[in-house]
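Here are the chains, one letter per residue:
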Amino acid sequence: MYGFVSKSNINDLLEYTFYNGDISKWNKESYLYIIVDMENFKNDYDFKKIEDKLYDVRYGDLDFFISPFLNLPYQLALENAAKKLSIPYLELNSGEKKVVVFGSVKKQEIINPIIVFKIKAFESLKHNEIMGAILGLGIKREMIGNIYAKDGIYMFEALEQMSSFILENLNYVSHYKVNIELTSEVLPTNILKEDKIIVSSLRLDNVVSSAFDISRDKAKEMIENEEVQYNYSADLKCDQKIEIPSFLSCRRKGKILITEIDGKTKKDKIILKINKY
């Protein structure tokens, strides 16, 4: 679904994001930990800025605010905090990276702040080459959403405020000359297929082994060598328990989103629903 509360100038709306907001109004040292209850975010400066906005929506005079593109750990933590504060929220796009509106939003007043670019090139381009070219322009990662690079189709999402800069400056991907244009097309999904895996426990090495069809010993080796990322972190322990939903990537093997537990087998093993990318 799309949305945020409409104004005459979309850039005025974007000033409500944490990049331009006054974050000094709410200075609650323990508030982040109490509301979100996630140790990983306690010292995360950007996360605290967004969380301060949640507090302002709930107890201050802010009706809503718009996040930048959030990865899965941010999405889960912020949406969890919003639920605890009884703040409505609306995800504006599908995919791995999402923009979310927190606060009062009326459907009849919704517009879409996310724009989609199409890249035209004669050569074959890779996902990481497109990302590298964009970030090489000095654009923050949070301003860029999902990227699609398959079968000669190259598209990516960005926040509207970046449109002119990208159109004027993104002329090369890797060392290939490219043409960039805005498109009204919907970004294709990167999901290859929905699937299920069966695991004996939610230990990280066990799930990695089943998800990427490798041995348990190989899974442990890749985790110890930081070739596995769990919710975008490579600082992991083989025996740690994963949470649901969660995001896993394995170097040279792919990445998956574990969406939910789908019951148990007759032998009491856990069935997990996953999206393969």
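Counting from 1, residues in each chain are numbered in the order their sequence is written. Since the coordinates come from a predicted model, pLDDT governs what is reported: local features require at least 70, and pairs of side-chain atoms require 80 or more to be given and counted, while whole-chain, interface and lining totals use all residues. Computation of side-chain values: all heavy atoms of the structure, hydrogens and water removed.

Peer 1: In this structure, what is going on with the sheet that holds strand 14 (residues 270-276)? I would like to understand it.
Peer 2: By definition, the strands of a sheet pair up through backbone hydrogen bonds, in either a parallel or an antiparallel sense. A pair of strands is considered paired only if DSSP assigns at least 2 bridges between the two. The secondary structure listing takes helices from DSSP runs of H or I that are at least 4 residues long and strands from runs of E that are at least 2 residues long, numbered from the N terminus. Spatially, the 5 strands line up as an open sheet ordered 10-14-13-12-11, and their pairing is antiparallel. Single-partner strands in this sheet number two, and they are strand 10 (193-199) and strand 11 (228-230). Neighbouring strand axes in the sheet, compared pairwise and without regard to direction, differ in orientation by 30° on average. Alignment of strand 12 (residues 246-250) against strand 13 (residues 254-264), held across 5 bridges, turns out to be antiparallel. Along strand 13, the bridge assignment pairs Phe-247 with Leu-257. In this description, contact between two residues means that some pair of their heavy atoms is separated by no more than 4.5 Å. Structural elements are reduced to axes, namely lines fitted to C-alpha atoms, with helices fitted over the stretch in contact, and the angle between N-to-C directions of any two is expressed from 0 to 180 degrees. Taken strand by strand, helix 7 (residues 204-211) contacts strand 10, strand 11, strand 12, strand 13 and strand 14, and its axis lies near 130° from that of strand 10.

Peer 1: Hey, could you run me through the nonpolar core in this one?
Peer 2: One recurring pattern in soluble globular proteins is that nonpolar side chains are buried together. Of all hydrophobic cores here, the largest spans 30 residues; its most connected members are Ile-119, Ile-130, Ile-144, Phe-156 and Ile-166. Elements supplying a minimum of two residues to this core: strand 1 (64-66), strand 4 (114-120), helix 5 (127-135), strand 5 (144-150) and strand 6 (153-159). Residues contacting Ile-119, with those up to four places away along its chain left out, are Leu-125, Ile-130, Tyr-154, Phe-156, Val-178, Asn-179 and Ile-180. With 24 residues, the next largest nonpolar core counts Leu-204, Met-222, Leu-236 and Ile-242 among its residues. Residues enter a nonpolar core if they are buried and are Ala, Val, Leu, Ile, Met, Phe, Trp, Tyr or Cys, with the set joined through side-chain atoms within 4.5 Å. Burial here depends on accessible area, computed with a 1.4 Å probe over protein chains only, as a share of the maximum for the residue type. Under 20% is buried, over 50% is exposed, and the range in between is partly exposed.

Peer 1: Would you mind showing me how to read the confidence of the model for the protein here?
Peer 2: Close inspection of predicted coordinates is inappropriate for parts of the model with low pLDDT. For every residue, the predictor states its confidence as a pLDDT score lying anywhere from 0 to 100. Here the protein averages 80 in pLDDT, and 80% of its residues register 70 or above. Residue range residues 1-39 is modelled with pLDDT below 50. Its contacts to residues more than four positions away, or to other chains, number 96 contacts.

Peer 1: Even after reading the chapter, I still don't get the packing of aromatic side chains, so can you show me in this structure?
Peer 2: What describes a pair of aromatic rings is the distance from one ring centre to the other and the angle between the planes of the rings. We call Phe, Tyr and Trp rings a pair once their centres come within 6.5 Å, taking the six-membered ring for Trp, and we label the pair stacked below 30 degrees between planes, edge-to-face above 60, and tilted otherwise. Inspection of the entire model under this criterion finds 5 aromatic pairs. With centroids separated by 5.3 Å and ring planes inclined at 20°, the aromatic side chains of Phe-65 and Phe-102 adopt a geometry described as stacked. Placement of Phe-65 in strand 1 and of Phe-102 in strand 3 (residues 100-103) is noted, with a sequence separation of 37 residues between them. With 5.2 Å between their ring centres and 5° between their planes, Tyr-232 and Phe-247 make a pair best called stacked. You can see Tyr-232 sitting in the loop between strand 11 and strand 12 and its partner Phe-247 sitting in strand 12, a full 15 residues away along the chain. Given a relative accessible area of 4%, Phe-247 falls into the buried group. Through pairs of rings, three or more aromatic residues link up here, namely Phe-65, Tyr-89 and Phe-102.

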